[in-house]
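Structural characterization, general
Listed here are the chains, written in short residue letters.
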Amino acid sequence: MKHTISLTLAGSLFLALAGMQPVHAAVDAAAAEKLMKSNKCSSCHHATKTKSGPSLKKMAEDFKGKADAEQLIITAITTGPEIEIDGEKEKHKKIKTTDEAQLKNLAQWILTH
Ligand code: HEC
């Protein structure tokens, strides 16, 4: 009986881990970084340091609890919302792609920080 219980536990743990895998495996970090570079996002967003814009780490922290995090990030980078840099109001840069898969990959990658 004892044996059966531990096997069941190990089984559930395995399933839980296996179930998490695809989410991480699906994020193409190299593609996301390339997209950030080619759009010069990195001039304002550093992985860990605050520049003109919040760090990727800070964004991940802010968005993590939100169910629609991916969509919120995509909206922020595709609709040009008004932001403030050094007291100056300006429109946030719009990313130069409308490719849904690329946008989702970038959003998910930001959330991994
Ligand atoms: C000129 C500097 C600048 C550039 C370039 C820039 N951003 Fe931003 N970004 C900001 C600032 C400032 C904010 C303001 C956040 C706020 O309102 O607190 C912001 C906000 C964001 C947010 C939302 C964060 C939040 O907490 O709401 C995301 C996501 C984001 N930027 C991603 C990008 C991506 C991806 C690119 C490249 C396409 C990019 N940014 C280019 C300055 C910049």
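Right, let's talk about the site of the ligand for a bit. Among the 20 residues in the neighbourhood of the ligand, the closest are listed as C41, C44, H45, I77 and H92. One nitrogen or oxygen atom from the side chain of H45 is found 2.7 Å from a nitrogen atom belonging to the ligand. Here the ligand is seated within the largest pocket. Going through the elements one at a time, helix 3 (56-63), helix 4 (69-78) and strand 1 (82-85) are the ones with two or more residues in the shell around the ligand.

This brings us to the nonpolar core. Membership of the largest hydrophobic core comes to 19 residues, with the highest contact counts inside it found for I73, L106, W109 and I110. For this core, the element with the highest residue contribution is helix 5 (residues 100-111), accounting for six residues. Contacts of I73, omitting those with residues within four sequence positions, involve F63, A107, I110 and L111.

A few words on the layout of surface pockets. The space that makes up the largest pocket amounts to roughly 550 Å³. H45, P54, M59, I77 and H92 are, among the 28 residues lining the largest pocket, the residues nearest its centre. When contributions to the lining of the largest pocket are tallied by element, the ones reaching two or more residues are helix 3, helix 4, strand 1, strand 2 (88-91) and helix 5. The element best represented in the lining of the largest pocket is helix 3, accounting for four residues.

Taken together, H45 (NE2) and H92 (NE2) make up the full set of protein donors to the iron atom of the ligand, lying 1.9 Å away. Seen from the iron atom of the ligand, its six donor atoms lie at angles of 88 to 180°, and the figure they make is octahedral. With H45 in the loop between helix 2 (29-38) and helix 3 and H92 in the loop between strand 2 and helix 5, the pair connects residues that are 47 residues apart, well separated along the chain. Of the residues examined, H45 reaches a relative accessible area of 14% and is grouped as buried.

Here we come to the pattern of salt bridges. Tallied over the entire structure, the rule returns three salt bridges. Two residues, K58 and D62, come together in a salt bridge whose shortest N-O distance is 2.8 Å. On the criterion of helical spacing, the pair formed by K58 and D62 is a turn pair, its members being four residues apart in helix 3. Exposure remark for K58: the relative accessible area of 39% places this residue in the partly exposed category. For D62, a relative accessible area of 39% corresponds to the partly exposed category.

A separate point is the packing of helix 2 against helix 5. The contact between helix 2 and helix 5 brings their axes to 9 Å, and the two run at 100°. Taken together, the axis directions place helix 2 and helix 5 in an arrangement best described as roughly perpendicular. For the pair helix 2 and helix 5, contact is made by A29, A31, A32, E33, L35 and M36 and by Q102, N105, L106 and W109, respectively. Partitioning the contact of helix 2 with helix 5 into residue classes produces seven nonpolar, two polar and one charged.

About the thresholds
Residues numbered from 1 in each chain as written. Predicted model: local features only at pLDDT ≥ 70, side-chain atom pairs only at ≥ 80, totals over all residues. Heavy atoms only, no water. Near = heavy atom within 4 Å. Polar contact = N/O pair within 3.5 Å; in protein donor to acceptor, adjacent residues only side chain to side chain. 1 Å grid on protein atoms, 1.4 Å probe; cavity = no way out; pocket = protein on both sides within 12 Å on 5 of 7 lines; lining within 4 Å. Sits in = over half its atoms within 2 Å of the grid points. Helix = DSSP H or I, 4+ residues; strand = E, 2+ residues; numbered from the N terminus. Core = buried A, V, L, I, M, F, W, Y, C linked by side-chain atoms within 4.5 Å. Buried < 20%, exposed > 50% of the residue type's maximum accessible area, 1.4 Å probe, protein only. Contact = heavy atoms within 4.5 Å. Points joined across faces, edges and corners; volume = space filled by probe spheres on them. Donors = N, O, S within 2.8 Å, 3.2 Å for Na, K, Ca; no water. Tetrahedral: all angles 85-135°; square planar, octahedral: opposite > 155°, others 65-115°. Salt bridge = Lys/Arg side-chain N within 4 Å of Asp/Glu carboxyl O. Axes fitted to C-alpha atoms, helices over the stretch in contact; angles between N-to-C directions. Parallel < 35°, antiparallel > 145°, perpendicular 65-115°, else oblique. Nonpolar A, V, L, I, M, F, W, Y, C, P; charged D, E, K, R; others polar.

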